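Here is what each chain is made of, one letter per residue.
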Amino acid sequence: MKKALSVQKQTLILIAGIVWAIAGFNIVRIGLVAYQGNFTWWRALLSVAVYAVFQIFIFGKMVGKHTNRILQYEEERQNFFRFFDTKSYLIMVFMMTLGIGLRVSGVVPNGFIAYFYTGLGASLLTAGVLFIVRYVRVRAEHQSVSTAA
């Protein structure tokens, strides 16, 4: 493993948080732009529902799963791309391709993009924040163990 590409394993949690937060922010931005001229309270409620479904059933669980996977690496230093596993990279590529394809093709109306992207992006952004919170906690625990030893 090249040293230039390696980081402490808990830093992978921070990298995941930054990546998810940036992705979430960008998707929320697309959704909010699509809301211009398409806002209804019904769509706003749909955004909340999309957020809840993705947060409860997908991204909330993903944060715990990836944090545990990262912390179980035996070697302290890891390649910085290992914040995701192969399956997660494939899912990300699929989601990006599908999302871009839907928007560019015009198959779905802007009203759908507005509520779906806002809810999805907010959930991704929340996952990013949760990864960063986990990183802070893990780092604090690691430092307190190091100090106690």
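That block above? That's the structure.
Residue numbering note: each chain is counted from 1, following its sequence as written. Selection of residues for local features in this predicted model requires a pLDDT of at least 70, selection of side-chain atom pairs for listing and counting requires 80 or more, and totals for whole chains, interfaces and linings are taken over all residues. Only hydrogens and water are set aside; all other atoms, that is, all heavy atoms of the structure, feed into the side-chain values.

Student: An account of the nonpolar core is requested, with residue identities and associated values reported.
Tutor: Take the buried residues of types Ala, Val, Leu, Ile, Met, Phe, Trp, Tyr and Cys, join any two whose side-chain atoms come within 4.5 Å, and each joined set is a nonpolar core. Buried means the residue's accessible area, taken with a 1.4 Å probe over protein chains only, is under 20% of the maximum for its type, while exposed means over 50%, and partly exposed covers the values in between. Within the largest apolar cluster, 31 residues are counted, with the highest numbers of intra-cluster contacts made by Leu-12, Trp-20, Phe-59, Met-62, Leu-120 and Phe-131. Listed by contribution, the elements that provide at least two residues to this core are helix H1 (9-35), helix H2 (41-71) and helix H4 (110-148). If sequence neighbours within four positions are ignored, Phe-131 has contacts with Ile-13, Ala-16, Gly-17, Trp-20, Met-62, Val-63, His-66 and Thr-67. Under the scheme used here, helices are H or I runs from DSSP no shorter than 4 residues and strands are E runs no shorter than 2 residues, and both carry numbers assigned from the N terminus. Whether two residues are in contact is decided by their heavy atoms: any pair within 4.5 Å suffices.

Student: Residue-level account of the side chain of Asn-38, with values.
Tutor: In this structure, Asn-38 sits in the loop between H1 and H2. At 2.8 Å, the side chain of Asn-38 forms a polar contact with the backbone oxygen of Ala-34. If we ignore the near neighbours within four places in the chain, the residues touching Asn-38 are Arg-43, Asn-110 and Gly-111. Any pair of nitrogen or oxygen atoms within 3.5 Å is treated as a polar contact; in protein, a donor-acceptor pairing is required on top of that, and neighbouring residues in sequence qualify only through side-chain atoms on both sides.

Student: With reference to specific residues and values, describe the packing of aromatic side chains.
Tutor: Centres within 6.5 Å are what make two rings of Phe, Tyr or Trp a pair, Trp counting through its six-membered ring; a difference in plane orientation under 30 degrees is then read as stacked, over 60 as edge-to-face, and the rest as tilted. Scanning the model with the defined rule gives 12 aromatic pairs in all. An angle of 80° between the planes, with centres 5.2 Å apart, marks the rings of Phe-39 and Trp-41 as edge-to-face. The exposure class assigned to Trp-41 is exposed, which follows from its relative accessible area of 67%. Put simply, the rings of Trp-20, Phe-54, Phe-59, Phe-83, Phe-84, Tyr-89, Phe-112, Tyr-115 and Phe-116 pair up and form one aromatic cluster. Two limits define a charge over a ring: the Lys NZ or Arg CZ must be within 6 Å of the ring centre, and within 35 degrees of the ring normal. Against the face of Tyr-73 rests Arg-82, its NZ or CZ located 4.0 Å from the ring centre.

Student: Account for a nonpolar patch on the surface, with residues named and values stated.
Tutor: Taken together, the side chains of Val-53, Ile-56, Phe-57 and Ile-58 define a hydrophobic patch exposed on the protein surface, amounting to about 390 Å² of accessible area. When you line up the elements, Phe-57 lands in helix H2. To count toward a patch, a residue needs a relative accessible area over 30% and no salt bridge; like charges are then connected within 9 Å, while nonpolar side chains (Val, Leu, Ile, Met, Phe, Trp, Tyr) are connected within 5 Å. Here the accessible surface of atoms and residues is derived via Shrake-Rupley with a 1.4 Å probe, and residues count as covered only by protein chains that are part of the display. The salt bridge criterion pairs a side-chain nitrogen of Lys or Arg with a carboxyl oxygen of Asp or Glu, the two atoms within 4 Å.

Student: Could you give me a rundown of H2, with the residues and numbers involved?
Tutor: Multiplying 1.5 Å by the residue count of a helix minus one yields the expected span of that helix. Given a rise of 1.5 Å per residue, 31 residues ought to cover 45 Å, and the 42 Å separating the end C-alpha atoms of H2 matches this to within 8%. For a residue, the bend is simply the angle between two axes, fitted respectively to the seven-residue segment ending there and the seven-residue segment starting there. At Gln-55, H2 is bent by approximately 50°, the largest bend along its length.

Student: Which residues make up the side chain of His-66, and what values do they have?
Tutor: Mapped onto the fold, His-66 is located in helix H2. His-66 gets classed as buried once you look at its relative accessible area, which sits at 1%. Not counting residues up to four positions away in its chain, the partners in contact with His-66 are Phe-83, Asp-85, Ser-88 and Phe-131.

Student: Describe the environment of Thr-118, naming the residues involved and giving the relevant values.
Tutor: Within the secondary structure, Thr-118 sits in helix H4. Taking the relative accessible area as the measure of exposure, Thr-118 reaches 13% and is therefore buried. Spatially, the C-alpha atom of Thr-118 lies 4.5 Å from that of Gly-31, the residues being 87 residues apart in sequence. In this structure, Thr-118 is in contact with Val-28, Gly-31, Leu-32, Tyr-35, Ser-47 and Ile-113, ignoring residues within four places of it in sequence. A polar contact is formed between the side chain of Thr-118 and the backbone oxygen of Ala-114, at a distance of 2.6 Å.

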